[in-house]
Amino acid sequence: MSQENKTPAALDAAAQNNTEATITIQYLSFVLGKEEYGVDILRVQEIRSWEPVSRVPNVPPYEKGVVNLRGAIVPIIDLRERFSLSKVEYTPLTVVVVLQTGSGNHTRIMGVVVDSVSDVISVDKLEIQGAPDFGTKVSNEFINGLVSVNERMVMLLDVDKLLTLESIDLNES
Amino acid sequence: MSIDMSQFHQVFFEECFEGLEAMESGLLSLDIGDIDSEVINTIFRAAHSIKGGSGTFGFTVVAEYTHIMETLLDEMRDGRRQVTKPAVDVLLGSVDCLREMLTSIQNEQDVNAASVATHQAALEMELKGTTGESAHAAPVSTHGSAPTTPVAVEAEPEEEDTADEEQGWKIAFCPYLNLLKTGNDPVRLFRELNELGQLTTNVNIQDIPTFAELDPEECNISWELKLVGDITEKAIREIFSWVEDDCALELSPLAKPKKVKKPKPAPTPTPAVEIASAPAHPAEAAPKKAAAPVESDPSKNAPKASSSIRVDTDKIDTLINMVGEVVITQSMLGLIGENFTMDKVGQLKRGLAQLERHTRDLQQSVMNIRMLPISFVFSRFPRLVHDISTQLHKKITLKLVGENTEVDKAVVELINDPLVHLIRNSLDHGIEMPADRVAAGKPEMGTIELKAYHRGGHIVIEIVDDGRGMDKSKLLAKAIEKGLIDESAIMTDKQILELIFMPGFSTAEKLTDISGRGVGMDVVRRNIQSLGGNIDIISELGKGSTIAIHLPLTLAILDGQSVAVGDETYIVPLVSIIESINITEKMLNKVAGKGETFKLRSEYLPIIRMREIFNVKSGEATKSNEGVIVVVEGQGALCGFLVDELLGQQQVVIKSLEANYRRVEGVSGATILGDGSVALILDVPGLVRLSVR
């Protein structure tokens, strides 16, 4: 169990329920190509359809640009490109999941482009397996753990790591 | 306690800082020799509420410290102590120290114990200096609740009471009838006492009246307490400090203690003892707090503080009114839309016009909320002038004019440093020594005037001094000597004065402590330009100088020129645009095959191709001889931005790109266009720098 990698929200939930034997956490699952990913549902602010973004110059290609989300300027990240998967054309079915990160006064919101949203899954915490080490070939830095739902493997993503990564890029450049 | 006190911390800190400001301005307005008791009272009250608040929130260090200040002030208030200049200076110093302490606590850092200890020692010295007798009498005194007593104990070298058998205190605690009404609960006191040592209570209920006469809000009982343990008198008094005005309190040691001087005190329950001992062992205190930076760096502290703003209720009422109007208009429009027929077009148009008007008003009122009186900045300067003029042995008065002029909160925050620099300059270089002034036929007392007023959508801040003014020939000579200008250059008076804004130019013949800290006038000018303002200077030799800063009223809105690059739209701030011209082939020149310049009248200016620097691929590529050059000024240099098309001028609301995203080079922010899409606002100085690289 990779408990220490849990998001704060999940930890809170854990703290509240630590007397019970089973702890269920709900994840929103979505699809990228043939892979299925999940994010903690408490971090999902809303789900929108893709709309054209305003490009921002001189940033990594997976940072698609910014959109106006009810007056806030919100960056949009292409998860396929972020995970070095093959690019696809955006269709009307392409979905943007708006996620939030941070706590207290410093919450940030960010949209991630995914192929489609599939389900809300309830996962027993004990069923989450630690992410296997793929070596250097595949980065598993965003992956919190794996879970099997109806014979499908769902990779659970760490929202905070996913959304803070670009600031590391900034420091490097 | 199950209540989460931290939710009130923000308010507490704000109140403290307000209190400190009140104390500071009070202290500065004290006229030695003719003391206004009301002013002393104000200062005392401020100190008292800080002490009270910090006690409640458990910031014992602050409470202890303030207590000493309060004692000193109390004696001044009662006329038992002369108000002297050194005393006022010590108090001013301790105001700074308190502010530092509170900032550290607010930022959850360790309090800089060494600095606190120094200030505390100074305070205690001051306290001891005049009331020597009471200080010496205090350690054995057991009577009364005079506030001097606990402090005097603290001022003495550490003394521990050691008894042969049982150590401890007998406390006679007789609350007055109104104790409960003041919100104090004896049980809480006892609970705290019990934490210090073993407490036995003995209740005296003989004063309780008959049931018919009993008022449940009155406290008719008294206690006799026995507290066993190695406890200082001070620690006990500390617990009772909240009720000392509402009770009769007597403390007496259980066994006759022998006074033993202990060089190193045993750990005692109150942290204050540790602080008080610090002056004796500064070397010990410092490493203990090694984690805390010894010099507190205010600029580092600043970002953590979450900012809040106090708003007039009037402003909020106006806002609520406006929102009401908007809601009414909206529902009216909704009604029209529900059963729309063509004959309602007129009505619809009227409704829309109304909505537009209300929205505009609403926007204005919201902007108004961000406006603060400039006195937030100005109020710090009397202190600065007081300190520096004392240090320089100059006689200077500061006049503040137009303190209630309102400016955007962001401007208030950012204008402080440049203003401090300019005022320091005036103090140091502008105003002459008293003797020189008299010799020049001027009044001995120099005057610096700090003015703020509105003029045409801008706020103007002027710093006027009646000092020696600037010597133009000297400036010119200096600039030539430093190689900043050519000897043959012909310059207007204004241009000569503006030389002081050039990097690497310093008029100070010798660097002093006050100015010449490496922040030159060029930095001041750059700061002000980054706020979208500009700075002017007028000076007459022998008569004084005037420095005028023009700033936009708000940083939340800017006048922009939208330009098209490919399919993308960018906003260029209008203030930085000099002119825009259509280019012709003839104007363009390649430099070393790479860089490009164009000839504007007699000058060659570098060109930045926006398409290239922003990597724009969309739209038709412009040929080299098409497009528009927007001539901009950034960082004092002219430069041409090559864009595809000029779109239009409009006011745009500046949105932060960093709130959810990050800083992007060449972009200062973003805005939302009429169609709901996002356009980036160009950072002109940044782009100029980017192109140079």
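Residues numbered from 1 in each chain as written. Chains lettered and ligands numbered in written order. Predicted model: local features only at pLDDT ≥ 70, side-chain atom pairs only at ≥ 80, totals over all residues.

**Quick word on the overall build of chain B**
(1) Moving on: When its secondary structure is counted, chain B shows 23 helices and 24 strands.
(2) Moving on: The buried share of chain B, taken over its 693 residues, is 30%.
(3) Moving on: Here the contacts in chain B between residues at least 6 apart in sequence split such that 70% fall between residues at least 24 apart. (Helix = DSSP H or I, 4+ residues; strand = E, 2+ residues; numbered from the N terminus. Buried ≥ 20, exposed ≤ 12 C-beta atoms within 10 Å, placed from the backbone. Contact = placed C-beta atoms within 7 Å.)

**With respect to the packing of helix H13 (residues 313-338) of chain B against helix H14 (residues 345-369) of chain B**
Residues and elements named next belong to chain B.
(1) Moving on: Running from amino to carboxyl end, H13 crosses H14 at an angle of 160°, the nearest separation of the two axes being 9 Å. One element, H13, and the other, H14, form an angle in the roughly antiparallel class. The crossing of H13 and H14 is left-handed.
(2) Moving on: Here the contact of H13 with H14 is composed, by residue class, of 12 nonpolar, nine polar and three charged. (Axes fitted to C-alpha atoms, helices over the stretch in contact; angles between N-to-C directions. Parallel < 35°, antiparallel > 145°, perpendicular 65-115°, else oblique. Left-handed = near helix turned anticlockwise from the far one by under 90°. Nonpolar A, V, L, I, M, F, W, Y, C, P; charged D, E, K, R; others polar.)

**Notes on the sheet that holds strand E6 (residues 95-101) of chain A**
Residue and element names in this part refer to chain A.
(1) Moving on: Read across the open sheet, the five strands follow the order E3-E6-E7-E5-E4; overall the sheet is mixed. A strand with exactly one partner marks an edge of an open sheet, and here the two such strands are strand E3 (44-49) and strand E4 (63-69). When strand polarity is set aside, the average angle formed by the axes of neighbouring strands in this sheet is 30°.
(2) Moving on: Both E4 and strand E5 (residues 72-78) contribute to a ladder of six bridges, which runs antiparallel. Paired with valine 67 across the strands is valine 74, a residue of E5. (Pairing = 2+ DSSP bridges.)

**A few points about the nonpolar core**
(1) Moving on: In this structure, Val66 of chain A together with Phe641 of chain B are the most contacted members of the largest nonpolar core, which totals 71 residues.
(2) Moving on: Setting aside residues up to four positions removed in sequence, phenylalanine 641 of chain B forms contacts with Val572, Ile608, Met610, Ile629, Val630 and Val632 of chain B.
(3) Moving on: Ranked by size, the runner-up nonpolar core spans 37 residues in total, among them Leu27, Ile50, Tyr65 and Ala113 of chain B. (Core = buried A, V, L, I, M, F, W, Y, C linked by C-beta atoms within 7 Å.)

**Topic: the environment of isoleucine 68 of chain B**
(1) Moving on: With respect to the element layout, isoleucine 68 of chain B can be found in helix H3 (residues 60-77).
(2) Moving on: For the pair isoleucine 68 of chain B and lysine 51 of chain B, spaced 17 residues apart in sequence, the C-alpha separation works out to 9.8 Å.

**Details of unusual backbone geometry**
(1) Moving on: At glutamate 151 of chain A, a position not held by glycine, the phi torsion is positive, near 70°.
(2) Moving on: The backbone of histidine 393 of chain B shows a phi angle near 55°, a positive value even though the residue is not glycine.
(3) Moving on: Residue position: histidine 393 of chain B is located in the loop between helix H16 (381-392) and strand E8 (396-401).
(4) Moving on: Owing to 8 C-beta atoms within 10 Å, histidine 393 of chain B belongs among the exposed residues under this scheme.

**Considering the sheet that holds strand E5 (residues 247-253) of chain B**
All names here are of chain B.
(1) Moving on: The four strands are arranged E3-E4-E2-E5 in an open sheet whose pairing can be described as antiparallel. The sheet is open, and its two edges are formed by strand E3 (198-204) and E5, each paired on a single side. Going from strand to strand, the sheet's axes swing by 15° on average, the running direction of each strand aside.
(2) Moving on: Alignment of strand E2 (residues 168-175) against E5, held across seven bridges, turns out to be antiparallel. Residue isoleucine 171 lies in a different strand from E5, and its bridge partner there is leucine 251.
(3) Moving on: Packing against the sheet, helix H8 (residues 186-196) makes contact with E2, E3 and strand E4 (222-228), and its axis sits at approximately 150° to E3.
(4) Moving on: The strands touched by helix H9 (residues 233-240) are E2, E4 and E5; relative to E5, the strand with the most contacts, the crossing angle is about 165°.

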